[in-house]
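So you can see what is in the structure, the chains are spelled out below.
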Amino acid sequence: QVQLVESGGGLVQPGGSLRLSCAASGSISSIGPMSWYRQAPGKQRELVAFITSSTTTTYADSVKGRFAISRDNAKNTVYLQMNSLKPEDTAVYYCNALITMATIPVRIKNAWGQGTQVTVSS
């Protein structure tokens, strides 16, 4: 079994910053690509940022220049640094990871976290 747990969400004023964390735990052999998604009320889930195992990154146009995704393989953790936050960034943020499990037989799991609320409001 593997689990992703997000943390770091909260209420912040426009222009403020938050740093989200997502830690993987369980019978993990290795972790491939990791990503952050978000879903606002009445809207579809969208990809926010993506990072490969070799640390190549991509971002949604709406967050380019403001957000930065990073990872710490020793801690099995992915981060999302969010700066210059706008009200339209308000959403539940979910992390995602492709995890090779240290099990016999080997299993590869597309894992999701439980989500963390980010609210940007004055």
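Quick note: structure is the one above.
Just so it is clear, the model here is predicted, and its values are computed rather than measured.

Parameters and conventions
- Residues numbered from 1 in each chain as written.
- Predicted model: local features only at pLDDT ≥ 70, side-chain atom pairs only at ≥ 80, totals over all residues.
- Heavy atoms only, no water.
- Phe/Tyr/Trp six-rings, centres within 6.5 Å; stacked < 30°, edge-to-face > 60°.
- Lys NZ or Arg CZ within 6 Å of the ring centre and 35° of its normal.
- Core = buried A, V, L, I, M, F, W, Y, C linked by side-chain atoms within 4.5 Å.
- Buried < 20%, exposed > 50% of the residue type's maximum accessible area, 1.4 Å probe, protein only.
- Helix = DSSP H or I, 4+ residues; strand = E, 2+ residues; numbered from the N terminus.
- Contact = heavy atoms within 4.5 Å.
- Pairing = 2+ DSSP bridges.
- Axes fitted to C-alpha atoms, helices over the stretch in contact; angles between N-to-C directions.
- Salt bridge = Lys/Arg side-chain N within 4 Å of Asp/Glu carboxyl O.

Under the counting rule described, the total for this entry stands at 1 aromatic pair. Arg19 extends its terminal NZ or CZ atom over the ring of Tyr79, reaching a point 4.0 Å from the ring centre.

Formed by 32 residues in total, the largest nonpolar core has its most connected members in Trp36, Leu80, Met82, Tyr93 and Ile99. The dominant element in this core, judged by the number of residues it contributes, is strand S9 (residues 91–101), at 6 residues. In contact with Ile99, other than residues within four places in its own chain, are Val2, Leu4, Ala24, Ile28, Ser30, Ile31, Arg107, Ile108, Lys109 and Ala111.

The 4 strands lie next to each other as S1-S3-S8-S7, forming an open sheet whose pairing is antiparallel. Edge positions in the open sheet fall to strand S1 (2–7) and strand S7 (67–72), since each of these has one partner strand only. Going across the sheet, the axis of each strand differs from the next one's by a mean of 15°, ignoring polarity. By the bridge criterion, 6 bridges tie strand S3 (residues 18–26) to strand S8 (residues 77–82) in an arrangement that is antiparallel.

The next point concerns the pattern of salt bridges. Charged atoms that come close allow side chains of opposite charge to pair. Counted according to the given criterion, the structure contains 4 salt bridges. A salt bridge links Asp89 to Arg38, with the nearest nitrogen and oxygen atoms 3.0 Å apart. Highlighted residues: Asp89 in the loop between S8 and S9 and Arg38 in strand S4 (residues 28–39), separated in sequence by 51 residues. Neither residue differs from the other here; Asp89 and Arg38 are each classed as buried. Among the salt bridges present, the one from Lys64 reaches Asp61, with a minimum N-O distance of 3.0 Å.

Moving on: the pairing of S8. Of all 6 residues that make up S8, 5 are buried, and the element is covered over most of its length. Direction of pairing for S7 relative to S8: antiparallel, over a ladder of 6 bridges. Residue pairing across strands places Ala68 opposite Gln81, the latter belonging to S8. Connecting the antiparallel pair S7 and S8 is a turn made up of 4 residues, with Asn76 showing a positive phi of about 50°.

Moving on to the pairing of S3. For a regular strand, side-chain orientation follows a simple rule: the groups alternate between the two sheet faces. Bridge count for S1 against S3 is 6 bridges, and the pairing is antiparallel. Its bridge partner being in S3, Gln3 is matched across the sheet by Ser25.

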